[in-house]
Amino acid sequence: MAALSNAKRKSRQQSRSSCKKVKLQYASLDDLPWKSVSRPVETGLDGDDGILELEEVDDVEIVHEETDGGRVVKFNVLEVPDNINKPSSADRKAAAGEGAHLAPAFPFDSATLLPKWHSFNFHPHLLQVLHKQSFTSPTPIQSQALPFALSGRDIVGVAETGSGKTLAYGLPILHHILAQPRPATQRRKLQALILAPTRELALQVSDHLNAFSRIVSTTVKEEHGEVDLSNVKRKGKAPANSTQDAQGLPLVSIAVLVGGMSVQKQRRLLDRGIDVLIATPGRLWDTLEEDELLVQQVRNMRFLVLDEADRMIEAGHFAEMDNILRLTVRQSKEDEIEAEGTAQENGISPEDGLQTFVFSATLSKDLQRNLKRRSRPKVGKTGKSKPSSTLDDLLLRLDFRDPEPEVIDISPEGGVVSTLQESKIECLSADKDTYLYYFLLRYPGRSLVFLSAIDGIRRLMPLMELLNLKVFPLHSQLEQRQRLKNLDRFKTVPNAILLATDIAARGLDIPAVDHVIHYQIPRSADIFIHRNGRTARAMRQGFSLLMCAPDERRVVRTLLSSLGRHDSDIPELPMELTLVDSLKTRIHLARQIDSQQHKVKKRNHERNWLRETAEAMEIEVDSDILR
């Protein structure tokens, strides 16, 4: 063993000596050769769950140099020189995905393995990932939207949440990018822009698409045996893109541009060149104002996607959305000449073949008809026009290249999916806490409780914690890190309860939500539909409970009538009244404890404030006052 250990040590020393490193100097942190590193799902360190991505760089020496302008910080990095153990220029281009083809063209028997996907003729890599993730058949929205999307048509899709809208627009985009060869000397250029109303939804879309962006190693079973698709050789060529597979580089480069993340990191990703950009309107417009190259890429991109379009307006993004959409509008001939020259200088093709996808869970029938007979939006030379303030205005301002965009509406009648069971509880407002506690005890599971105001969450949180329930808050006044942390805990803790405002009502794909509880009545039918859409997703069973006080009955009737329903359509939940009465005592005791704890906290806060103020003013305070 000692001889073997010595041999290994000598071997390592020889390898080090053959790969001597040299010092390279960098002037700023952004110029350093940063490398992305993966973070474990659970590190055991409290407070780090909001970290979205980590980067590191090794062998850095910080040097302070005295110059005429003062003291300057520089960075020396030990790196292997270009002539030692470095890949050739051709190898580096292949590793960066800059060859003539971005993805291996291995054979995949979709007719046998994925017969329901076979007719779409997707790139073999996409079929392999679909097979690995057990997506054996497309959802209804995918079945109807994909043929039109693959044929180049513009699409306006209306379907309930959890119906697979992300892949309905994501697969055609990825298929186009993978099927198009890219010259070895050309950097990646922006092909698709996906706009999402919230950071959480943007990150969720990124996760879904990134699953299709990297080479996967998987074994599939066929009648004659097993075949490892990652090792299949192409005729007359090397194994399927082994350099990319070894380094884990993506076949499609996808970047996320949202608030709450490092601006420098996001700019580095954009500078490297990306294929797909997923962004929230606010951060994207801030970036566009400072990046003329990105503006040109947006004007010449191939795909534009508006995910949860109605939510864009409610989130207050209509001003930014109006500015961004104006960049995608076809210009007049005089403007086209000037724009074409600028695009050619930046190496961007001036060809305009923009394909637009708009997906939402709600869209009025009148708007659907107007989209069919709409006219091209007018934009003057100054580019100024009245900002869109409603969804109708926003969509009618979209410059669809398709004269008749295909409208696909598979939203359920009355806004209720077939796998959702509904029920209601009619009680006094003061008794809602008791009935909520009864339901959570009687029907355990992952429950999402919706309230209309943040004050209601702050009142319920300590009460639920005193009753030993696993409860987490989610609202707009929480920091981004805390919101992601609470979402992760809700997804992983069994029988967890999430107290949320309507910020969580749209777009978020929270797996296995068993119950949605409307503690307070939603303000509109759209919000009611999107709240219910958090459960019964992807054909799973779900339950929705409506808690209605006497003064809310009129609101409920109006809400349901706007959906073409009656309040009698929702049955009352059977109750064990003896158990409810016994739980009232617990609720009353918990309220008393919470009230006393609040008084103690308030008293301590006032004493601490008085003590700190007196110390700052150098005033002595009688100890009796601070008791």
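Scope of this entry: the structure provided in the associated data block. Computed from a predicted model, the values in this text were never measured in an experiment.

### Thoughts on the packing of aromatic side chains
In this structure the tally under the stated criterion is seven aromatic pairs. With centroids separated by 5.7 Å and ring planes inclined at 20°, the aromatic side chains of Phe-439 and Phe-543 adopt a geometry described as stacked. Note that Phe-439 is positioned in helix 17 (residues 432–442) and Phe-543 in strand 20 (residues 542–548), a separation of 104 residues in sequence. Exposure remark for Phe-439: the relative accessible area of 1% places this residue in the buried category. Geometry around Tyr-443 places Arg-442 over its ring, the cationic atom sitting 5.2 Å from the centre. Between Arg-446 and the ring centre of Phe-490, over which it is positioned, the NZ or CZ distance is 6.0 Å.

### Topic: the nonpolar core
If you look at the biggest cluster of nonpolar residues, it comprises 48 residues, and the most contacted ones within it are Trp-117, Ile-173, Val-276 and Phe-357. Top contributing element to this core by residue count: helix 6 (residues 165–179), with eight residues. Apart from residues no more than four positions distant in its own chain, Ile-173 is found in contact with Ala-192, Val-276, Phe-303, Val-305 and Phe-357. Counting residues in each nonpolar core, the second largest holds 31 residues, with Ala-255, Ala-279, Leu-394 and Leu-395 among its members.

### Re the environment of Arg-611
Inspection of the secondary structure assignment puts Arg-611 in helix 22 (residues 577–616). Separated by 14 residues in sequence, Arg-611 and Ile-625 place their C-alpha atoms 9.9 Å apart.

### Comments concerning the sheet that holds strand 19 (residues 515–518)
Taking strand neighbours across the sheet as the criterion, the six strands line up as 15-20-19-16-18-17 in an open arrangement whose pairing is parallel. Pairing within the sheet leaves two strands with one partner each, and these edge strands are strand 15 (420–426) and strand 17 (471–474). Between one strand axis and the next, the sheet turns by 20° as a mean value, whatever way the strands run. Two elements, strand 15 and strand 20, share seven bridges in a ladder whose sense is parallel. When the bridges of strand 20 are listed, Leu-420 appears paired with Gly-542. Along the sheet, helix 18 (residues 454–466) makes contact with strand 17 and strand 18 (497–500), crossing strand 17 at roughly 165°.

### Some thoughts on a nonpolar patch on the surface
A surface patch of nonpolar side chains, amounting to about 230 Å² of accessible area, comprises Val-60, Ile-62 and Val-73. For Val-60, the position within the fold is in strand 4 (residues 60–67).

### Looking at the pairing of strand 19
Neither face of strand 19 is left uncovered, since the one carrying His-515 and Ile-517 and the one carrying Val-516 and His-518 both have all their residues buried. The pairing of strand 16 (residues 447–450) with strand 19 spans four bridges and is parallel. Across the sheet, Leu-448 pairs through a bridge with Val-516, a residue of strand 19. By the bridge criterion, four bridges tie strand 19 to strand 20 in an arrangement that is parallel. Looking at the pairing, His-518 lines up with Leu-546 of strand 20.

Basis of the calculations
Residues numbered from 1 in each chain as written. Predicted model: local features only at pLDDT ≥ 70, side-chain atom pairs only at ≥ 80, totals over all residues. Heavy atoms only, no water. Phe/Tyr/Trp six-rings, centres within 6.5 Å; stacked < 30°, edge-to-face > 60°. Helix = DSSP H or I, 4+ residues; strand = E, 2+ residues; numbered from the N terminus. Buried < 20%, exposed > 50% of the residue type's maximum accessible area, 1.4 Å probe, protein only. Lys NZ or Arg CZ within 6 Å of the ring centre and 35° of its normal. Core = buried A, V, L, I, M, F, W, Y, C linked by side-chain atoms within 4.5 Å. Contact = heavy atoms within 4.5 Å. Pairing = 2+ DSSP bridges. Axes fitted to C-alpha atoms, helices over the stretch in contact; angles between N-to-C directions. Patch = residues over 30% accessible without salt bridge, like charges linked within 9 Å, V, L, I, M, F, W, Y side chains within 5 Å. Areas by Shrake-Rupley, 256 points an atom, 1.4 Å probe, with all protein chains shown as cover. Salt bridge = Lys/Arg side-chain N within 4 Å of Asp/Glu carboxyl O.

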